[in-house]
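In case you want the letters, here they are:
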Amino acid sequence: MRDKLLIQAKRIVIKIGSSLIASRAEGLRPQQIERLADEIAALRTDGREILMVSSGAIVSGIRKLQLKDYPKSLPVKQAAAAVGQSRLMWAYEKAFERLNIQVAQILLTHQDLADRRRFLNARHTLAALIGFGILPVINENDTVAVDEIRVGDNDTLASEVAHLADADLLVILSDVDGLYTEDPRKNQSATLIPLITEITPDIERLAGVSSTFEGTGGMATKLRAAKKVGEYGISTLILNGERAGLLPTVLGGGPGGSLFLARERRLNSRKHWIAFTLRSRGQIHLDQGAVDALTNRGKSLLASGVLRVMGSFEAGDPVSCVDTDGKEFARGLVNVSSALLRQMKGLKTAAIHEHFGPQEYEEVIHRDNLVILSC
Ligand code: GLU
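The sections below set out a description of the structure shown in this document.

Conventions and cut-offs
- Residues numbered from 1 in each chain as written.
- Predicted model: local features only at pLDDT ≥ 70, side-chain atom pairs only at ≥ 80, totals over all residues.
- Heavy atoms only, no water.
- Helix = DSSP H or I, 4+ residues; strand = E, 2+ residues; numbered from the N terminus.
- Rg over C-alpha atoms; globule rule 2.2 N^0.38 Å.
- Contact = heavy atoms within 4.5 Å.
- Areas by Shrake-Rupley, 256 points an atom, 1.4 Å probe, with all protein chains shown as cover.
- Expected span 1.5 Å × (residues − 1).
- Buried < 20%, exposed > 50% of the residue type's maximum accessible area, 1.4 Å probe, protein only.
- Near = heavy atom within 4 Å.
- Polar contact = N/O pair within 3.5 Å; in protein donor to acceptor, adjacent residues only side chain to side chain.
- Pairing = 2+ DSSP bridges.
- Core = buried A, V, L, I, M, F, W, Y, C linked by side-chain atoms within 4.5 Å.

Concerning the overall build of the chain
Each helix and strand in the chain was counted, giving 15 helices and 15 strands. On C-alpha atoms alone, the chain measures out to a radius of gyration of 23 Å, which is about the 21 Å that the 2.2 N^0.38 rule sets for 375 residues. Taken over the C-alpha atoms alone, the chain extends approximately 70 × 45 × 40 Å along its principal axes. Considering only intrachain contacts with a sequence separation of at least 6, the fraction spanning at least 24 residues in the chain is 74%. Total accessible area computed for the chain in this model is approximately 17500 Å², and 49% of it derives from carbon and sulfur atoms.

Encoded structure:
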């Protein structure tokens, strides 16, 4: 099953971590970049469509600005990203030009993805580039992104790009081999898990012991990324990018890395976007009857089932639905503001009409804008 999936994956997003292609002491590592370019070119010759998400701008910028330490202040970090990003693209331009491959730079922030029109626009741009046979190289737009609008780490960005591009597979290249049964530094009998069919809490616990590298991410963010794209039917392969030749070997069905299998029933793009791209603005706590109606009977959320409203949101904002144990079990786009919902909570439709007059929507969250989370 693993081999077949890897051999058949046509459109692939490959995430390249900073430590693979740059170090603070040396700056960018051109030999390593050329080697990865050769391997990616071979995959393209094999008929695969590749999109890259590459980190490395900040580390490269640190070296170029001759900074001693990783910058703490935001403007300096952003300055490092600005000088580093052009250096990074220059290195990719050179490495791929040797192979007659044209590259294109795309810089995104969370804001570009959270607006549905901009999200769809970016999707069309990527499709057009792929149509031209161009290799898109994507990074976060670190130079302008402040916390509220940042994706934050490139594992997450790569998962967003995989959804955006409707990819068959997400490959995360880093300097770890994959997910181990135990910490390989402490226990020699630790073995690499080649196939993970479900990301259970036990698997998540293993992520804690498997992260051996520096970087924004770590195994936990990789697992989160895998879980996220898995809901959209995209599997994730975590692979050691330091090992020459491993990427084409594994994609050809050979051993190596850890593959996280996607769910069979995938969410449609818009529902995935509501659940995983948008950031929740508040929580609506529901009674057991409403939880059942939403999860088991495919109903919309009505005000009568709302117990408590947390946070501050407007009509149209993404919110979390929370069950009686305090656990988030659904997400959706809400039709009323938090202020109004606080007044309406617990009331039946007739009482709402009586107190507040006719409403534009009967439902607090319409079924079409609601996603039940699987875990
Ligand atoms: N966007 C950052 C950079 O290019 C990297 C973020 C990350 O590695 O997660 O330096």
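A word on helix α3 (residues 30-45)
In this model, α3 (16 residues) spans 22 Å end to end at C-alpha, consistent with the 22 Å of a helix rising 1.5 Å per residue. Looking at α3, one finds that the buried residues are Q32, I33, R35, L36, A37, E39, I40, A41 and L43. Once α3 finishes, G47 follows within two positions and takes phi at roughly 95°, a positive value.

Considerations on the site of the ligand
Surveying the vicinity of the ligand reveals nine residues, the closest of which are A57, I58, N139, D142 and N154. D142 places a polar side-chain atom, nitrogen or oxygen, 2.7 Å from a nitrogen atom of the ligand. Protein contact buries 92% of the 300 Å² of open area that the ligand shows by itself.

Concerning the pairing of strand β9 (residues 235-240)
The two faces of the sheet receive side chains in turn, since in a regular strand these alternate between them. The buried count for β9 comes to six of six residues, which makes it a mostly enclosed element. Judged by which residues are buried, β9 turns out to be covered on both faces: S235, L237 and L239 on one side and T236, I238 and N240 on the other are all buried. The pairing of strand β7 (residues 169-174) with β9 spans six bridges and is classified as parallel. The partner of L173 across the bridge, within β9, is L239. In this structure, β9 lies alongside strand β10 (residues 258-260), joined through three bridges in antiparallel fashion. Looking at β10, one finds that I238 is bridged to S258.

Considerations on the nonpolar core
As a rule of thumb, nonpolar side chains are buried together in soluble globular proteins. In terms of nonpolar packing, the biggest core is built from 49 residues, with V13, L108, I138, L170, L179, I203 and F260 touching the most fellow members. When residues of this core are traced back to their parent elements, those giving at least two are β4 (49-54), β5 (103-108), α7 (116-131), α8 (154-164), β7, α9 (201-210), α10 (219-230) and α12 (269-277). If we ignore the near neighbours within four places in the chain, the residues touching L170 are V13, A158, S159, A162, V229, I234, S235, T236 and L237. Counting residues in each nonpolar core, the second largest holds 40 residues, with L20, A22, Y92 and I101 among its members.

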